[in-house]
Amino acid sequence: MILRPPTYLFLLLISLASAGAAERVQFNRDVRPILSDKCFHCHGPDDKKREAGLRLDVRAEALKKGESGSTAIVPGKPDLSAVIERITTTSTDDIMPPAKMHKAVTKAEIELLQRWIAEGAEYQGHWAFEPVRAPQVPQVAGAAMPVDAFIRQQLQKQGLAPSPEADKATLIRRVTLDLVGLPPTPEDVRAFVADTSPQAFEALVDRLLASQQYGEHMARQWLDFARFADSNGFQTDSSRSMWPWRDWVIRAFNDNLPYDQFTVQQIAGDLLPNAAQDQVIATGFNRNHRINGEGGIIAEEWRIENIIDRVETTSFTWLGLTLNCCRCHDHKYDPFTQKDFYSLFAFFNNVEESGTIQGASNRSGGNSVPFLKVTSAEQKAKLDALQAAANAATKAVRTAEKDLPKLVAAWEPTLADSKQVAKSAWQRLEPESVTSKFGATLTRQADGSYLAGGKNPPKDVYVFDAAMPADGASAFLLECFPDPSLPNQSLGRHPNGNFVLSDFDVFVQKPGGKPEKQVVAKASADYSQKGYEIGGVVDKKSGRGWAIDGPTKRDPRRAMFVLKTPLPPQAGAKLLLRLRHEAITSHNIGRFRLSWAAADAGEVKLDGDTSLAEIKLIAAIPAAKRTPDQVKRLHTFFRANVESPLRAADQALAAASSALTTFEDTLPTTMVMKEAATPRDAFVLTRGEYDKPAAKVTMATPAVLPPMPKGAPLNRLGLAQWLVAPENPLTARVWVNRAWERFFGNGLCKTTENLGSQAEYPLHPELLDWLAAEFMRSGWDMKAMMKLIVMSQTYRQSSAVTPAMVAMDPENRLLARGPRFRLTGEVVRDQALALGGLLVPKIGGPSVRPYMPEGVWDETSKYGDLRGYKADAGDGLYRRTLYTIWKRTAAPPTMMLFDAPTREICTVKRSRTNTPLQALALLNEVTFVEAARGLAQLMIQKGGTTPEERLRYGYLRATSHELEPAAMAVLLKGLKERLAWYAAHPEDATKLVSQGQSKPAEGIAVPELAAYCTTASVLMNLDRVVTRQ
Amino acid sequence: MPHPAILHGRDGQSDRFGGVIANSLLMIRRNLQAELRQEYARHLSRRWFFKDCGVGLASIAAMDLLGQGAQAAPAPISPLAQKRPQYPAKAKRVIYLFMGGAPSHLELFDNKPELSKWDGKLPPPELLQGYRAAFINPNSTLLGPKYKFSRHGQSGAEISELLPHTASVADDLTIVRSMKTDAFNHAPAQILMSTGSQIFGRPSFGAWTLYGLGTENQDVPGYVVMQSGAKGPSGGLSNFGCGFLPTIYQGVPFRSAGEPVLYLTNPEGVSDATQRDTLDVLKTLNEERLATVGDPEIAARINSFELAYRMQKTAPELMDISREPQHILDMYGAKPGEASFANNCLLARRLIEGGVRFVQLFHEAWDHHGGLTKGLKEQCAQTDQPCAALVRDLKQRGLLEDTIVIWGGEFGRTPMVQGGNDGRDHHPNCFSMWFAGGGMKPGLTLGGSDEFGFNVTEDPVHVHDLHATLLHLLGFDHTKLAVKFQGLNMRLTGVHGELVDKLLV
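Remember, predicted model here, so these are calculated numbers, not experimental data. (Residues numbered from 1 in each chain as written. Chains lettered and ligands numbered in written order. Predicted model: local features only at pLDDT ≥ 70, side-chain atom pairs only at ≥ 80, totals over all residues.)

### With respect to the overall build of chain B
Okay, so step 1: Within chain B one finds 14 helices and 17 strands.
Okay, so step 2: Put simply, chain B has 505 residues, and 62% of those count as buried.
Okay, so step 3: Contacts in chain B between residues far apart in sequence, at least 24 positions, make up 77% of those at least 6 positions apart. (Helix = DSSP H or I, 4+ residues; strand = E, 2+ residues; numbered from the N terminus. Buried ≥ 20, exposed ≤ 12 C-beta atoms within 10 Å, placed from the backbone. Contact = placed C-beta atoms within 7 Å.)

Below, the structure written as C-alpha cells:
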C-alpha cells in the first residue's frame, strides 16, 4: 500500500518537535519518536539486526564506549557524542542514517537531540507509567482556556485553523445530549437561542450538570464497565437483584461524589470505618460478575474465575491495563508479571463466597452470598422497631426461662396421664418393612431414619409398610435429613443434592382386604423450593412436587400430610405408605423418617414434637439420675408442648421473630463484598488453572508502579487508596482520557481501553497530562472536569467539514472542527421516548420490562426464571433504557444492534457501527413507531393549526433547529401524499396509530394522525437526529 | 492492496525483543503506522460510499470535498465488501451444524465393541487418574454402546445404525474420531468451540470469517444463525458474537417463528409503498444534510437505510421454503411453516446460495444424562435425514466443492454410566465430528481412541487445531488473521493451533 505523503507525514509530525525553545526536552515526547524512526532499525532492541553492537533504546548501552572507541551519547556533552557527530557529518560515507535509507534527520531534529544530550540525555519509561505532572500551558493567541491552548498550538503547527463556534441551537442540542443523554425541549432551545448574555452557555451547562438525568446518563457507561446485569449468566441465566447498586451509581454521579471516594467506596466501602449502608452497597461493583450455577461444576474453579474477573475488571476500569495475559504468564509487552497478577488477585480472594450460586437457586434466581438487605429511611425505622420488639420478646423469654425447672417439676407427675399432650405430638412410625421399589438400599440409622444408598434409580418409590398404630392416625410427618454420604452432603440423591417428592400415597389394608387409598387433604412443609411447593404433592395441577433447594440448602426439612378422614384404630390393619419420586429423574430422597399423629389428635402441628416415647422414659428416671442431656430434652419437650407462661413467652418471641423476618423478606437485597474472618491463601496458578497452585503470594500492587501509600492497610481498602493516590500515574489519566472520548469520539490516546506500553502515543500528551493533573488538583471533581471540557472553544466548534479537514484529518483527531458521531443505542431510544412525549422520568428502582419481540429470552435458556418475557403495562414501557432488564445471554435485542456489549465481561469501549439492522429497528420496532405517533400527536396538538406550523414544531422538537424552506417543501409534499393515502385507507390508519400500549389521543382524525405519524418517523430518523453534532 | 487483516497482523519479531522500553518504542512506531494505514483505509471506504452507493446529486457535491485523487482510488473497502483471503482458498462458505448439548460419540461414530464387554464393570483405575467429571462420581461403572455400527460406502466408514441417511453419504464425509477440548461444562465448552477461548468476549469463528472475507450479498446479513431443539445454545449470544470486532461482523439470528429478522416487517398499517415514500423523504433530507455538513458518515447512513429496505424484500424470499419443489422438501423432510432442524438445513442451503457467507444452525438437544437410548433415537430421527440431504443437495448444485459443512457438539460423553443405566456424562477427552466439502478429504475417517472411547490414542485434533485447519481452507494462515485489541494481537486460535494436514484434500 502506498500512503499519500500528506496524511502520513502530518500524523507523524504531530508527535515531533513539540518542545518550545525555553522548555526542557522530554524523551517520550521529543526524542523517542526521532530515535524510533531514524535509529532503532539498526540500533534498537532486535539483536539480530543490530549494527556495530550499538543499542540506543537502553540508556546504559548508549552511554557505553562502542566498538569504534567512541561513545554514542555523552550526557551533557553533545559535542563529544558520536550520535551527533554522525548525523551532522558531511561525509557521505559516515552520515547516519545511511543515505540509502532515505531517512535524513532534519535540522530541527538535530537541534532537539543536541539539547536533549546537553540537558543530560535522560530517558523516560513508558509515558503512561511516568508520574503525572502538569505541563506549562502554552500561550496561544485566541485560546481562552488551557484546553484550547494545547489544541490550537497543534493546529497552528499543522497550519490548520479552528472552526467557528457552532450555532446556538446546535450547541444546546450537543451539550444536552452529552451531559444528560436526552434532547433539549423546544422551550429550552428557544430560551437559549434568545438569551444573548455571555453567561448563557455556562448557565446551561450548570443547569444540566445539576439535573438528575445527568447521573442516569453517566451511570449508563459505568454499567458497561461494571458488567452490570439483572441475571447471573451462563446456562440457566436466572435473575439477580443488583439495582440498588445501579441506583447508588446514579446517586454518586448526581451528588458529584469525588472520583477518589467513588473509587474507594466501590472497591472497599465495606472496609471503611463505620461503613454506611451506601458505602457497602457501592462494593457491588465487584459482585456484578456472572455466577455459574450450571450443574456439575466445581465450585472452587468458578470462585477463582470470579476473582480473576474482578482483577481484570478493576484493572481495565481504573488502570486502563490489560492484565489478562498475566493470568497464565508474564506480560509480553508490559512490565507486569504473573506474580503481580496473583498478588492483585489476593486482594479479592477473601470474600465469603463459594464460586457457585449460593443463598439463591440456579433456577429461581436470587442473590448469592454475601448480600445486603437494603432499606430506605422509612423501612429502616420499621425494621428497627420490629427488631426492638423481637429483642424485648427475647428478654421476656430469658426471664420466664428461670422458672423452667420449677415448671417442669410441677408438670412431670401429670405426664403419664396427659392424653392431650400425647395425642398432639408426633410418634415414630415403626415399619414392618422399608424397601426401594427399584433397587436402592434403605438402611436404618440410629435415630430411626432410613438412609438410601447403592443404585439411584431414575424414579424410585419407597415402600414403607407398618402396622396401624394403636391410636389410629390422622396425619403423617416426613422428616428429611442431610447426610455426609449424599451428593453435596445434602438431602437428596441427585448429583446436585436435591430431591423432588412427587406423591405421598397412603393406603390402608384391612385384614384380608385390598389396599384402599386414602385422601391426603392438606400438606405443609417448613420449606419449599420456589416452583416446587409442597402443595404440588397433593394437588397435581399446582406443581410437580416438593423440592428443597438441595444444591444450596442443607438443613433438615419436615413435611406434614393430613388425611381427609382420620383412620380409626383397627387391629390387624396395615398402613402402606408410598413415597414416589416420579417428577424428575434421579431426584430421590436421601434420608428420611416417618411419624404419625393419633386419630383424635386434634390440630396437629408441623413443628410438633416427635419424641414423646423417649420423654416418658426420661420422666421415669429419678430426677437425680438424669443426664444433663436428658434434662435438656425434657425441658425442650415441655416448652414445645405444655401451656405455661414460658410457652406464652416463647410464642410471643416466635411471633415477633416471624414479623421481623417477614418484613425483612420484603426488603430488596444487593450483593456486596465482605471479608471472611480467616483470609484465604493465594497462589500463583500455573497456566491460570485453579487446581495448579504454585508459589504462595501475598497482597501487593504491581512492582513497576509506585508502592502503596504510607499507612495504607494491606487489604482492599489499601488497594483502593493506592488506585487514587496522587502518585498513581494511571487512574487520573485513564479517567480524563475516557471523559475526552465521551465528548470528542476519540480519546486523546485513542486506545482508551489500554494505556499500557502497546497504547497509542497520545496526539496531545501534554493536554492529557494537564487534564489528569487538573482532575487531581480539583479533588477528583468529575462535574468540574465535564464542565471544563464542554466550556472549551474546542468543544463548542462547529462540526461542519471542509475538504481540507477531510483530507488532513479524516477522524478529527486534531479537532479543527467540532465532534460529530452517532448516539448510543440507549440515547437513541431515550430520545425517541422524549420526542414522543412518552418518557417516564422516574429515577431508580427495580429494572423494567419494555417491549421485546416474543421468544428472545426463551431462545437461550430452557430453565430459570428469566423465561416467558412479558412486557410491563404502563410506566415500565417508557422508562429510560438504563432501567431495562438485562439478561446476559439474551441482552435487549435493539441495544445489541446498536453496539451494546452483552455485559458478560467488563467493556470499556463500544464500537460505533452503522448498519441496516439499526435502520430496521428505527423504522419498525414498536417503541419507535409508538414514539413517532406520540410526536405526531404533539405536532398536531402543540404545533399549531396548519401543516406548516406543525411540521415546524415537529422539526424543532426533533432537531432543535428551525425548519428551512427547502426541507419544509420536501416534508410538506410527503405529508400531503400520505394524508391522501390514509384518507383512502382508514383501516391501515387505524392499525398504524394503534401500535403500542398507549392510546392515541382523542379528537384527532385517525387518517390525519397516521399521516403525521409517518412524517414523525422521518423526523426521528434524520441523520441529524440520530447523530449528535 | 493487501488484505486488511495483514495490516494488523503480528510482525512475528516482537516476541523476541527483550526490554520493555525497546518493545514500547517499537510498538509506538508500529501503532502509529498501523493507525495511519487504518485511517487511510477508512478514508477510502468513505470515498467508496460516495462513488458506489448512489447517494444522488448531493454526493457529487460531497465528492469534491475529498479533493484530488478520487478517481485513482484503489479497490473499495466497505467493512462487509467481498475481500480476497490471504491466499487462494478451497472454501468460500461455511455451514456449521452445531449439535448443542453434546451427542454421544460412543453411539454414533466411535464404535467400541470392547466397551460392551465391560458393561456394568468399573473402569480400570489408571484410566481415571486426574479425571474430572461434571456430575457423576468418575468411579461409576461402564456402559456398553446402546446401538450397533456397520461399515458404509467405498470408504467403509463406521457409522451407527441410528444414522442411515448420514451413512448413505459416507463417501462425502470426513469423520474425525479424535476431537479433544478443554472444557466440560456446556457454556464454556461451547464458547471455546465457537470462539477459540473459554473466556467470554472473543469473536466467534463466524465473525472472523466475515471479517476476513466480507460477504457476497449486501442485501442480507453475511453471518446468519438459526436454532432448533429445546432452546438456544447454552453459551448464549457469545457463540455468534463479534467480541472486540465491530458489531457488523456478529451473527444475525434468523428466527423460525415470527419475522425471520428482528424488525424486518413494516409496522401494521404501513404498506410497502408508504415505507418507500417515507424513505424517499428521509433520503432527500439526509442528502441535503450531507451537502451542508459534508460528513461522509451521512452517506453511510443513507446507504444503511437503503440496504434495510432491500433486506426487507430479500430476506423473506430467501426464508420462504415453500418456493422449493416438493422433491427437495421431501429430501430434507422439511415442511413449510414448521419450526424444525430439517427446515433450517434447507434454509441454510438457500441462504448460502443467496450469498450468505456463514450459516450456523444450533440444535441444542443432545445432553443425555439420562434417557440416552430413546433420546438419541429421537434426535437422530430429527437430524439424520436433513444433514444427509444438505450434503447431497449442496453436491448436486456444485456448492459442496467450496462450502464446508461442519457437524458436531461441544464435547463427547463418558463411557461410564449416569442416571441409573441409561445416561452418559460430559466428556472433554474424546469426541467425534464430521465435515463435508470445502477441501476436507472425503471418505476419510481420522483418528482413534482407546477401547473405551475415553482418551484419544491416534491423531488428536484439538479445537484449536480444528480452527487452524478451517481457517486454512478459507484461505487464512491462522497465525496471521489477527486484530490488535488491548495492545495484543488477538487470533481465533490464541497462541495455539496446528494445521491438520491429514484432513485436507
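### Quick look at the overall build of chain A
Okay, so step 1: Secondary structure assignment for chain A yields 38 helices and 18 strands.
Okay, so step 2: In terms of its C-alpha atoms, chain A occupies a principal-axis envelope of roughly 125 × 90 × 55 Å.
Okay, so step 3: Burial statistics for chain A: of 1029 residues in total, 52% are counted as buried.
Okay, so step 4: Restricting to contacts in chain A with at least 6 residues of sequence separation, those with at least 24 account for 70%.

### Some thoughts on the confidence of the model for chain B
Residue and element names in this part refer to chain B.
Okay, so step 1: Across chain B, pLDDT averages 82, with 82% of residues at or above 70.
Okay, so step 2: Throughout residues 1–77 the model reports pLDDT below 50, and contacts reaching past four residues in sequence, or to other chains, amount to 142 contacts.
Okay, so step 3: In the predicted assembly, ipTM is 0.75 and pTM is 0.76. (pLDDT = per-residue confidence, 0-100.)

### Quick word on the domain arrangement of chain A
Residues and elements named next belong to chain A.
Okay, so step 1: Per the domain assignment, the segments of chain A are domain 1 (5–125), domain 2 (378–419 + 609–667), domain 3 (426–608) and domain 4 (924–1028).
Okay, so step 2: Computed over C-alpha atoms, the centres of domain 2 and domain 3 are 28 Å apart.
Okay, so step 3: The interface is formed by four residues belonging to domain 2 together with six residues belonging to domain 3. (Domains from an automatic or database assignment.)

### Observations concerning the nonpolar core
Okay, so step 1: In this structure, M1020(A) and V405(B) are the most contacted members of the largest nonpolar core, which totals 329 residues.
Okay, so step 2: Sort the elements by how many residues they give to this core and helix α10 (residues 296–318) of chain B lands first, with eleven residues.
Okay, so step 3: When residues no more than four places from it in sequence are discounted, the contact partners of V405(B) are I95(B), L97(B), L390(B), V391(B), L394(B), F435(B), A436(B) and G437(B).
Okay, so step 4: One finds L501(A), V520(A), L577(A) and A598(A) within the second-largest nonpolar core, a separate group that totals 54 residues. (Core = buried A, V, L, I, M, F, W, Y, C linked by C-beta atoms within 7 Å.)

### What about the sheet that holds strand β12 (residues 574–580) of chain A?
Residue and element names in this part refer to chain A.
Okay, so step 1: The sheet built from five strands is open, its strands ordered β3-β6-β12-β8-β9 with antiparallel pairing. Since the sheet does not close on itself, it has two edges, and those belong to β3 (431–436) and β9 (515–517), each with one partner. With direction set aside, neighbouring strand axes in the sheet form an average angle of 20°.
Okay, so step 2: For strand β8 (residues 503–509) and β9, the ladder comprises three bridges, and the chain directions are antiparallel. Pairing of F507 across the sheet is with K517, part of β9. (Pairing = 2+ DSSP bridges. Axes fitted to C-alpha atoms, helices over the stretch in contact; angles between N-to-C directions.)

### Focus: unusual backbone geometry
Residues and elements named next belong to chain A.
Okay, so step 1: Across the junction of M96 and P97, the peptide omega takes the value -10°, indicating a cis bond.
Okay, so step 2: Assignment of secondary structure puts P97 in the loop between α5 (82–88) and α6 (107–118).
Okay, so step 3: With an omega dihedral of -10°, the bond running from V369 to P370 counts as a cis peptide bond.
Okay, so step 4: Here P370 lies in the loop between α16 (338–347) and β1 (371–373).
Okay, so step 5: In this model, D237 sits at a positive phi of 55°, which is unusual for a non-glycine residue.

### So, helix α8 (residues 168–180) of chain A
Residue and element names in this part refer to chain A.
Okay, so step 1: The end-to-end C-alpha distance of α8 is 18 Å, a good match for the 18 Å that 13 residues give at a rise of 1.5 Å each.
Okay, so step 2: Burial analysis of α8 places eleven of its 13 residues in the buried class, the great majority of the element.
Okay, so step 3: Along α8, the positions that sit buried rather than exposed are T170, L171, I172, R173, R174, V175, T176, L177, D178, L179 and V180.
Okay, so step 4: Taken from the residues just after α8, G181 is the one with a positive phi, measuring 70°. (Expected span 1.5 Å × (residues − 1).)

### So, helix α22 (residues 628–641) of chain A
Okay, so step 1: Between the first and last C-alpha of α22(A) there are 20 Å, a value that for 14 residues agrees with the 20 Å anticipated at 1.5 Å per step.
Okay, so step 2: All of the buried residues along α22(A) are L634(A), F637(A), F638(A), R639(A) and N641(A).

### Some words on the pairing of β12(A)
All names here are of chain A.
Okay, so step 1: Alternating residues of β12 divide into L575, L577 and L579, all buried, and K574, L576, R578 and R580, none buried.
Okay, so step 2: Direction of pairing for strand β6 (residues 461–467) relative to β12: antiparallel, over a ladder of seven bridges. Bridging from a neighbouring strand, V463 pairs with R578 of β12.
Okay, so step 3: With seven bridges connecting them, β8 and β12 associate as antiparallel partners. From the neighbouring strand, D503 faces β12, where its bridge partner is R580.

### Considerations on the environment of F341(B)
Residues and elements named next belong to chain B.
Okay, so step 1: Secondary-structure assignment places F341 in helix α12 (residues 341–353).
Okay, so step 2: Through-space distance from the C-alpha of F341 to that of E288 is 48 Å; in sequence the pair is 53 residues apart.
Okay, so step 3: The contacts of F341, once residues within four sequence positions are left out, are S228, L361, H363, Q382, T383 and P386.

### Concerning the environment of G295(A)
Residues and elements named next belong to chain A.
Okay, so step 1: Among the secondary structure elements, G295 is positioned in the loop between α14 (277–282) and α15 (299–319).
Okay, so step 2: Here G295 falls in the buried class, since 20 other C-beta atoms lie within 10 Å of it.
Okay, so step 3: The spacing of G295 and Q235 is 60 residues in sequence and 9.3 Å in space, taken between C-alpha atoms.

### Here's the deal with the packing of α8(A) against helix α9 (residues 186–194) of chain A
Residue and element names in this part refer to chain A.
Okay, so step 1: One way to put it is that α8 packs onto α9 with a least axis distance of 9 Å and a crossing angle of 130°. One element, α8, and the other, α9, form an angle in the oblique class. Note that α8 runs across α9; the crossing there is right-handed. Here α8 contributes K168, A169 and I172 to the contact with α9, which in turn contributes D188, V189, F192 and V193. (Parallel < 35°, antiparallel > 145°, perpendicular 65-115°, else oblique. Left-handed = near helix turned anticlockwise from the far one by under 90°.)

### Points about the packing of helix α25 (residues 731–744) of chain A against helix α27 (residues 782–790) of chain A
Residue and element names in this part refer to chain A.
Okay, so step 1: Contact geometry of α25 with α27 gives a least axis separation of 11 Å together with a crossing angle of 45°. Regarding the angle of α25 to α27, the classification is oblique. Where α25 crosses over α27, the handedness of that crossing is right-handed. Contact residues: V736, A739, W740 and F743 in α25; M785, M786, I789 and V790 in α27.
Okay, so step 2: Counted by class, the contact of α25 with α27 contains eight nonpolar, no polar and no charged residues. (Nonpolar A, V, L, I, M, F, W, Y, C, P; charged D, E, K, R; others polar.)

### What to know about the environment of P273(A)
Okay, so step 1: Mapping P273(A) onto the fold places it in the loop between α13 (259–268) and α14.
Okay, so step 2: In this structure, the C-alpha to C-alpha distance between P273(A) and D260(A), residues 13 residues apart in sequence, is 16 Å.

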